[in-house]
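As a plain string of letters, each chain reads:
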Amino acid sequence: MELSQYFKSIIEQERAAVVICNLQHEIIYMNPAAVTRYKKHGSLIGKSLLDCHSEASNGKIKQVVDWFAEDVSHNMVYTFRNEKEKKDVYMVALRDEDGGLIGYYEKHEYRADETMKPYDFF
């Protein structure tokens with residue numbers, strides 16, 4: 001089985017929204033959690049992420065992408081804390097096998113206590 005199928009399965013099982021953009025800021029993929037989270041906006045695949053944000057936010061997004069492009073070691077930036085949802089948010093660079101920048105995504109890390117019981121699959 002091709003490794004990409006495993007990666008796709010990981011992303012699709014992620015409980016946090018994952019929205020992947022290319023370097024033109026077009027949304028090229030949304031995992032099921034993202035589709036559910038942003039469903040009031042309709043289908044966003046193929047649309048510009050910049051249309052979903054303020055002018056100030058768009059400036060920051062472009063600034064981060066420029067920073068990603070400067071060096072292959074520039075791969076993640078903390079962007080903000082959402083206290084209501086108890087999560088930290090990061091922008092993460094996506095690179096090809098040669099280290100070239102090919103896109104980016106927003107990573108959500110929840111810091112709330114887990115509500116699932118350990119090994120609760122019965």
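In what follows, the accompanying structure is described.

**Structural notes on helix H3 (residues 55–70)**
- Compared with an ideal rise of 1.5 Å per residue, which puts 16 residues at 22 Å, H3 spans 23 Å between its outermost C-alpha atoms and is within 8% of the ideal.
- When H3 is considered as a whole, its buried residues turn out to be Asn58, Ile61, Val64, Val65 and Phe68. Burial along H3 is one-sided: seen end-on, the buried residues are contained in an arc of 125°. Exposed side chains of H3 directed beyond 90 degrees from the buried face belong to Glu55, Ala56, Lys60, Asp66 and Glu70.
- Residues of H3 that are buried in the fold lie against strand S3 (76–82), strand S4 (87–95) and strand S5 (101–110).

**A short note on the side chain of Asn82**
- When you line up the elements, Asn82 lands in strand S3.
- By relative accessible area, which is 18% here, Asn82 ends up buried.

**Topic: unusual backbone geometry**
- A positive phi is found at His25, a non-glycine position, where the angle reads about 70°.
- Its place among the elements puts His25 in the loop between strand S1 (19–22) and strand S2 (27–30).
- Residue classification places His25 among the buried residues on the basis of a relative accessible area of 10%.
- Within the chain, Lys86 stands out as a residue other than glycine whose phi angle is a positive 55°.

**So, the packing of aromatic side chains**
- Counted by the stated rule, this structure contains two aromatic pairs.
- Ring centres of Trp67 and Phe68 lie 5.9 Å apart, and the angle between their planes is 50°; on these two criteria the pair is classed as tilted.
- The exposure class assigned to Trp67 is partly exposed, which follows from its relative accessible area of 30%.
- Residue classification places Phe68 among the buried positions, given a relative accessible area of 0%.

**Concerning the layout of surface pockets**
- By volume, the largest pocket amounts to about 580 Å³.
- Considering the residues around the largest pocket, the lining is formed by 26 residues, among which Tyr38, Leu49, His53, Ile61 and Glu106 are closest to the centre.
- Counting only elements with at least two residues in the lining of the largest pocket, the list comes to S1, H3, S3, S4 and S5.
- Grouping the amino acids of the lining of the largest pocket by side-chain chemistry returns 15 nonpolar, six polar and five charged.

Procedures and definitions
Residues numbered from 1 in each chain as written. Predicted model: local features only at pLDDT ≥ 70, side-chain atom pairs only at ≥ 80, totals over all residues. Heavy atoms only, no water. Helix = DSSP H or I, 4+ residues; strand = E, 2+ residues; numbered from the N terminus. Expected span 1.5 Å × (residues − 1). Buried < 20%, exposed > 50% of the residue type's maximum accessible area, 1.4 Å probe, protein only. Arc of directions from axis to C-beta. Contact = heavy atoms within 4.5 Å. Phe/Tyr/Trp six-rings, centres within 6.5 Å; stacked < 30°, edge-to-face > 60°. 1 Å grid on protein atoms, 1.4 Å probe; cavity = no way out; pocket = protein on both sides within 12 Å on 5 of 7 lines; lining within 4 Å. Points joined across faces, edges and corners; volume = space filled by probe spheres on them. Nonpolar A, V, L, I, M, F, W, Y, C, P; charged D, E, K, R; others polar.

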